Amino acid sequence: MTASLIGVISDTHGLLRSEALAALRDCDLLLHAGDIGGEHVLQALGELAPTVSVRGNNDTQSWARTLPQVADVEVLGVRIHLLHDLAKLSLHPERESLHVVVCGHSHRPRIEERNGVLYFNPGSAGPRRFKLPVAIGFLEITRSGVRGRIVDLTPVAQKTGPD
């Protein structure tokens, strides 16, 4: 394999929209950055592709107790660190030779590069909060590196409402 498409979702809070599922359908791997909201979300994502997930601050039910706080994944030589809340990052990504840090929690989509590390927050794919968009993201990994992309599902989500 010379390229990989990773779907990134966060803060579903129990709501997994059909638009998000459709957008994530062709991914090689899925990452959920916490505040999942129910086992049914992970089951549905797992039917699409292998899924790595971490526990968010709202994932307090018994089903979530076995989920890790952080997870590390390597895809085509790209090292990805996954956690829910960036403020709780307890390592130095540059020193750990990480290429990407994926987080959620803020509900704000964001792609930022700092010191050679891509910081990626796909935003919230769950219930809309304030005027923040409903969004998911993708990490596209090729021989030349990794690129992040945010997909705003808000226009579709506003028309259809919650699933």
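Here we take up the sheet that holds strand 2 (residues 29–32). Two strands in a sheet stick together by hydrogen bonds in their backbones, pointing the same way (parallel) or opposite ways (antiparallel). Taken together, the five strands give an open sheet; going across it, the order is 3-2-1-9-10, and neighbouring strands pair in mixed fashion. Only two strands of the sheet have a single partner each, and these edge strands are strand 3 (51–53) and strand 10 (145–152). Between one strand axis and the next, the sheet turns by 20 degrees as a mean value, whatever way the strands run. Bridge count for strand 2 against strand 3 is three bridges, and the pairing is parallel.

To continue, consider the nonpolar core. Ranked by size, the top nonpolar core spans 19 residues in total, and within it Ile9, Leu24, Leu45 and Ile136 carry the most contacts. For this core, the secondary structure elements donating two or more residues are helix 1 (18–24), helix 2 (39–48) and strand 9 (135–142). A total of three residues in this core trace back to one element, the largest contributor, which is helix 2. Not counting residues up to four positions away in its chain, the partners in contact with Ile136 are Val8, Ile9, Ala20, Ala23, Leu24, Pro122, Ala125, Arg149, Ile150, Val151 and Leu153. In this structure, Val8, Ala71, Val100 and Phe120 belong to the second largest nonpolar core, which totals 18 residues.

Take the side chain of Asn121 next. Note on placement: Asn121 falls in strand 8 (residues 117–121). Within the local environment of Asn121, its side chain forms a polar contact with the backbone oxygen of Gly104, the two atoms lying 3.1 Å apart. Within polar-contact distance, the side chain of Asn121 engages the backbone nitrogen of Gly123 at 2.8 Å. Leaving out residues up to four positions away in the same chain, Asn121 has contacts with Cys103, Gly104, Ser106, Arg108, Pro109, Arg110 and Ile150.

Moving on, we come to the sheet that holds strand 8. Sheet architecture is open: five strands sit in the order 4-5-6-8-7, paired in mixed fashion. Edge strands, defined here as strands with exactly one partner in the open sheet, are strand 4 (70–75) and strand 7 (110–114). Shown here is a sheet whose adjacent strand axes are inclined to one another by a mean of 20 degrees, direction ignored. Sheet analysis places strand 4 next to strand 5 (residues 78–83), joined by six bridges and oriented antiparallel. Bridged to Val75 within strand 5 is Val78.

Quick notes on the rules
Residues numbered from 1 in each chain as written. Predicted model: local features only at pLDDT ≥ 70, side-chain atom pairs only at ≥ 80, totals over all residues. Heavy atoms only, no water. Pairing = 2+ DSSP bridges. Helix = DSSP H or I, 4+ residues; strand = E, 2+ residues; numbered from the N terminus. Axes fitted to C-alpha atoms, helices over the stretch in contact; angles between N-to-C directions. Core = buried A, V, L, I, M, F, W, Y, C linked by side-chain atoms within 4.5 Å. Buried < 20%, exposed > 50% of the residue type's maximum accessible area, 1.4 Å probe, protein only. Contact = heavy atoms within 4.5 Å. Polar contact = N/O pair within 3.5 Å; in protein donor to acceptor, adjacent residues only side chain to side chain.

These values are about where atoms sit, not about what they do.
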